[in-house]
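# Descriptive structure summary
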Amino acid sequence: MENALQRSPIISKLTCGVCYNVGGEDGDRLSNLPEPIIHHIFSFLETIDVVRASAVSRKWRYLWLSIPYLNFNVHNICSNPLERWSLQTTNEKFKDFVNWVLLFQNGSVSIHRFRLSCLNRVDDYTFYRWIAPIKLPRSLVTCESLVSLKLDFGNREHQGVLNLPTCVGFSRLKSLDLQHVEVLDYNLFREFLSSCPLLENFSPLLENLKMDSCCFPDLKILDISSNSLKSLTLERIEFGGDELDNYKLKIACSNLESFNIFAPLLPDFTLESLNSLQNAFIFLETIGEYMEAKEICHRMSKILNGLRDVKVLKLSCTLYQFLNAILEQRSYFSASFNNLKSLILCVTTAEWTVPLIIRLLNHSPNLEVLTIYFDSDEYYDDWEIPDKVILCLTCHLKTVELIDFSGNENELELVRFLLKNGHVLQKLRIISAIMKFTISSSSVALKFLEPKPFLDFFNRF
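What comes next concerns the included structure. (Residues numbered from 1 in each chain as written. Predicted model: local features only at pLDDT ≥ 70, side-chain atom pairs only at ≥ 80, totals over all residues. Heavy atoms only, no water.)

The next thing to look at is the pairing of strand 10 (residues 208–212). Summarising the sheet, strand 8 (residues 175–179) and strand 10 pair through five bridges and their orientation is parallel. Looking across to strand 10, one finds that leucine 176 is bridged to leucine 209. Pairing of strand 10 with strand 13 (residues 231–235) involves five bridges; the strand directions are parallel. Residue lysine 210 lies in a different strand from strand 13, and its bridge partner there is threonine 233. (Pairing = 2+ DSSP bridges. Helix = DSSP H or I, 4+ residues; strand = E, 2+ residues; numbered from the N terminus.)

Our next topic: the side chain of glutamate 46. By the secondary structure assignment, glutamate 46 is in the loop between helix 2 (35–42) and helix 3 (47–52). One buried charged residue, glutamate 46, remains without a salt bridge, the closest side chain of opposite sign being arginine 52 at 7.0 Å. (Buried < 20%, exposed > 50% of the residue type's maximum accessible area, 1.4 Å probe, protein only. Lys, Arg positive; Asp, Glu negative; His and termini not counted. Salt bridge = Lys/Arg side-chain N within 4 Å of Asp/Glu carboxyl O.)

Here we take up the side chain of asparagine 408. If you trace the backbone, asparagine 408 turns up in the loop between strand 22 (399–403) and helix 12 (409–421). Relative accessible area serves as the criterion here: at 16%, asparagine 408 is assigned to the buried category. Separated by 2.9 Å, the side chain of asparagine 408 and the backbone nitrogen of glutamate 411 make a polar contact. (Polar contact = N/O pair within 3.5 Å; in protein donor to acceptor, adjacent residues only side chain to side chain.)

Moving on: the sheet that holds strand 17 (residues 268–272). Strand pairing within a sheet occurs via backbone hydrogen bonds; the two strands may be parallel or antiparallel. Strand order in the open sheet made by the three strands is 12-15-17, with parallel pairing throughout. Looking at strand neighbours, the two that pair on one side only are strand 12 (221–225) and strand 17, the edges of this open sheet. Neighbouring strand axes in the sheet, compared pairwise and without regard to direction, differ in orientation by 10° on average. Inspection of the sheet shows strand 15 (residues 248–252) paired to strand 17 by five bridges, in the parallel sense. Among the inter-strand pairings, lysine 248 is bridged to a residue of strand 17, identified as aspartate 268. (Axes fitted to C-alpha atoms, helices over the stretch in contact; angles between N-to-C directions.)

Once that is clear, we can look at the environment of threonine 233. Summarising the element assignment, threonine 233 is placed in strand 13. For threonine 233, a relative accessible area of 11% corresponds to the buried category. Between the C-alpha atom of threonine 233 and that of leucine 209, which follows or precedes it by 24 residues, the distance is 6.4 Å. Apart from the residues lying within four places of it in its own chain, the contact partners of threonine 233 are Leu209, Lys210, Met211, Asn260 and Phe262. (Contact = heavy atoms within 4.5 Å.)

Grouped together as the largest cluster of nonpolar side chains are 102 residues, with contacts concentrated most on Met211, Phe216, Leu222, Leu234, Ile251 and Phe259. In this structure, Ala53, Trp60, Leu63 and Val74 belong to the second largest nonpolar core, which totals 21 residues. (Core = buried A, V, L, I, M, F, W, Y, C linked by side-chain atoms within 4.5 Å.)

Coordinates in, geometry out; function isn't part of it.
Spelled out as structure tokens, the structure:
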């Protein structure tokens, strides 16, 4: 720490400007000022210069321990401009200094401002140990006009710790967006979401909840139960422990209308009382490398059974290979999506794609809109699509959208099948020229559109 505490030009000027002798005694007028004024003056300095100032006056020797303004800048850690440190050395010395200051800081002092300018090293967790849990201001919690609140505390690698308030508040809050937030008190979080009249501390009016890259340490079951929620989006929720595929997710929201989940692995779902659900989007990055096929089918069947009353359903392609087995065996899923009006799929040209589409159509007797995103440049074996009577194609399917259509033979075969069997088909939207087809419906209109970005699949609702 010796180099870090050498005198800087700021401290040298400060010393020359305010320290002088009167009658042989210290005449340090700055040191004789009231402490709050000294704190205010020193608030304009960086913390390393405040520490260096301890050598200027005996009265300042321990002043840096009680300064409520902390300002750390990695670029000023080296006091000798002639020295040339590597980035790694600079970063390590900077971390040592910050840790040293925080370690000896007077715990009874309330920090008014904390500024930190450091090197961008997202793999370094030291920064996140410096940040204390964030407590929402009471004025914000008790604000009666607040209806929408968004809290974003970090990036996708790390989260900021949030201390939820225990006082009465958020009486009119309807929309809550939490991003990169770590929640330590899960019981308090459940009370926050609950609309139970007995829990008067928190908003019974919350209708929209989005959680993106939030963390619940040491939690295995995330239970979201609310009678007021209408829209719920869960994206990359992190749980404690190493076995990431063992976490459970329970959703019990009787008035929920829209449910979106983006998960790295397949959770163990429990979906209850979703009688009002209109839209559902299930996206998984992967199923789980070590999960047995029987367990995968069991979990996915719980998803399908919980979503059987939805009107709009969107599914990612990571689910399809196992969906085939589930829809084929009535022991897993014996119901139908009788209310489903719109089905949105993202598919490859793999051999199991056509059987899946056929089975989903068979389980959706009242389907009116089918949207398919093609996500593959690879070519598989030729599809063989059987000419079978499918109720929704015969009586209800009116619109088909084919997006990112490349025009390979398998995609063209699917178009032929839909045009031939879609007796009430009215619109077919596609992005590339097609061959001549036999059209069963005399009123169908073919429309060719410009290619849409693949991300449109994620923003469909």
